[in-house]
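# Observations on the three-dimensional arrangement
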Amino acid sequence: MTNILVTGCAGFIGSNFVPYFLDKYENYNIVNLDLLTYAGDLKNLTECEENPRYKFIKGDICNRELVEFIFKEYDIQGVIHFAAESHVDNSIKNPAVFIQTNVNGTFTLLDVAYKYWMDKPFSYKKDYDRCRFHHISTDEVYGTLNEADLFTEETPYAPNSPYSASKASSDMIVRSYQETYGVNTVITNCSNNYGPKQHDEKLIPTIIRKALAGEQIPIYGDGKNIRDWLYVLDHCKGIDLVYHTGKEANVYNIGGRNERTNLQIVDTICSILDEKVPRKSYLPLNGDIPVAKAEVGYKELITFVEDRAGHDRRYAIDATKIENELGWKADEDFESGIVKTIEWYLRKYNG
Ligand SMILES: NC(=O)c1ccc[n+]([C@@H]2O[C@H](COP(=O)([O-])OP(=O)(O)OC[C@H]3O[C@@H](n4cnc5c(N)ncnc54)[C@H](O)[C@@H]3O)[C@@H](O)[C@H]2O)c1
């Protein structure tokens, strides 16, 4: 059996990754280190609770003593590092915790891994030479795009928000541990994920939740910002592939080739909801006096609100490297993935 430390699994992507990984591989024990910030919820992992190959530890990735204890106690032989502060809006309001967790936390994990696995630079201890550190990062480190280009692994970093700057910084620290000490690292930079278990604050859960509650659905600016959407399980499969077969010291971009404006996202979700759970509302047919009940579309709830400060216009990933070198391909396109996603949130919000 191999024990690996997977951080931040009570959050969105980690909690999709753990059941997938435990199910696929019987030779791994997973230790999940998660601080359970507002973004982490153990309910996301109920299906793993009884699994003897899964262990949860509540704690901070910045707590060096704790991280050292975990490495020793569980003889950790690999790290997949999800834990982070992840919401751009929060990073604009309160950047300090982003630097603390995303930069210092990543440094702490890496430094403990280096010292536990290696005697000195470029020299792994006996039986530890297969240990690898996989850092989960984002396409936001590349900044914003014009209408035509795509982010490749060679695109220069140009982070614009405190969130993306903290992730870019952590990527650089990972790189430095590879180049200076020879720690076996891989980094994946992924586009926007969507799917089950995402926190209520994020775009797609917000749209569904507000629509079902009959509240205004807030869309930033003109709604024309473009993101490249990937179903979360396809991201998990890409991480699995890179962790096991990616080349040491390499970066892999992961993206679904599914560019959509925020307006297209909200329109699609509203249309699907119109079919699945038609909205009934009182229409003011006679002056302001509500006299008739009729079906009205969810799109009427869309409201444009003041744009996010420094809102990047477009992100889009060129996934050629992971597709050609490792044979990864997204199984889900947006049309199929969004239906599964909406069905999951309908169960969550409607009980
Ligand atoms: N969500 C996306 O679309 C997306 C896209 C690309 C990359 N990423 C990256 O993937 C990773 C996971 O993202 P997510 O959307 O699942 O995030 P999330 O915010 O849903 O979950 C983050 C988890 O980390 C935990 N955590 C936060 N600070 C911690 C600390 N100091 N110590 C231990 N645990 C801590 C939280 O409790 C939570 O469970 C992040 O590194 C993020 O940058 C996310």
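Our structure is the block above this text.
### Concerning the overall build of the protein chain
Summing up its helical and strand segments, the protein chain has ten helices and 16 strands in all. Taking 2.2 N^0.38 as the reference for a compact globule, 351 residues should give roughly 20 Å; the C-alpha atoms of the protein chain span a radius of gyration of 21 Å, in line with that estimate. With the C-alpha coordinates aligned to their principal axes, the bounding extent of the protein chain is approximately 80 × 45 × 40 Å. Going through the 351 residues of the protein chain one by one, you find that 42% of them count as buried. Long-range pairs, those at least 24 residues apart, make up 81% of the contacts in the protein chain between residues at least 6 apart in sequence.

### Quick notes on the sheet that holds strand 12 (residues 250-254)
If you walk across this open sheet you meet the seven strands as 3-2-1-4-7-8-12, and the pairing is parallel. At either margin of the open sheet sits one strand with a lone partner, and together these are strand 3 (54-58) and strand 12. Pairwise comparison of adjacent strand axes, ignoring direction, gives a mean angle of 20° for this sheet. Note: strand 2 (residues 28-34) against strand 3, five bridges, orientation parallel. Bridging from a neighbouring strand, Ile-30 pairs with Tyr-54 of strand 3. Helix 1 (residues 12-24) contacts strand 1 (2-7), strand 2 and strand 3 of the sheet and is inclined by roughly 165° relative to strand 2. Across the face of the sheet, helix 4 (residues 96-117) comes into contact with strand 1, strand 4 (78-81) and strand 7 (132-138) while running at roughly 170° to strand 4.

### Things to note about the site of the ligand
Neighbouring the ligand are 31 residues, the closest being Gly-8, Gly-11, Ala-39, Gly-40 and Ala-84. If you list the elements that add at least two residues to the shell around the ligand, you get helix 1, strand 2, helix 4, strand 7 and strand 9 (192-194). Considering every element that reaches the shell around the ligand, the biggest residue donor is helix 1, with three residues. Of the residues that constitute the shell around the ligand, the class distribution is 14 nonpolar, 13 polar and four charged.

### Considerations on the sheet that holds strand 9
Ordered by their spatial adjacency, three strands build an open sheet running 9-11-13, and the pairing between neighbours is mixed. Looking along the sheet, the strands with just one partner apiece sit at the ends: strand 9 and strand 13 (259-261). Across the sheet, the axes of successive neighbouring strands diverge by a mean angle of 50°, strand direction being ignored. Pairing of strand 9 with strand 11 (residues 226-231), which is carried by three bridges, proceeds in the parallel orientation. For Asn-193, the partnering residue across the bridge sits in strand 11 and is Leu-230.

### Some remarks on the packing of helix 4 against helix 5 (residues 162-181)
At a minimum axis separation of 8 Å, helix 4 and helix 5 run at an interaxial angle of 15°. Classified by the angle between their axes, helix 4 and helix 5 sit roughly parallel to one another. Here helix 4 runs over helix 5; the crossing is right-handed. Residue-level contacts link Phe-98, Ile-99, Asn-102, Val-103, Thr-106, Phe-107, Leu-110 and Tyr-114 of helix 4 to Pro-162, Tyr-163, Ser-166, Lys-167, Ser-169, Ser-170, Ile-173, Val-174, Tyr-177 and Tyr-181 of helix 5. Its residues assigned to classes, the contact of helix 4 with helix 5 comprises twelve nonpolar, five polar and one charged.

Rules used in this analysis
- Residues numbered from 1 in each chain as written.
- Predicted model: local features only at pLDDT ≥ 70, side-chain atom pairs only at ≥ 80, totals over all residues.
- Helix = DSSP H or I, 4+ residues; strand = E, 2+ residues; numbered from the N terminus.
- Rg over C-alpha atoms; globule rule 2.2 N^0.38 Å.
- Buried ≥ 20, exposed ≤ 12 C-beta atoms within 10 Å, placed from the backbone.
- Contact = placed C-beta atoms within 7 Å.
- Pairing = 2+ DSSP bridges.
- Axes fitted to C-alpha atoms, helices over the stretch in contact; angles between N-to-C directions.
- Near = placed C-beta within 6 Å.
- Nonpolar A, V, L, I, M, F, W, Y, C, P; charged D, E, K, R; others polar.
- Parallel < 35°, antiparallel > 145°, perpendicular 65-115°, else oblique.
- Left-handed = near helix turned anticlockwise from the far one by under 90°.

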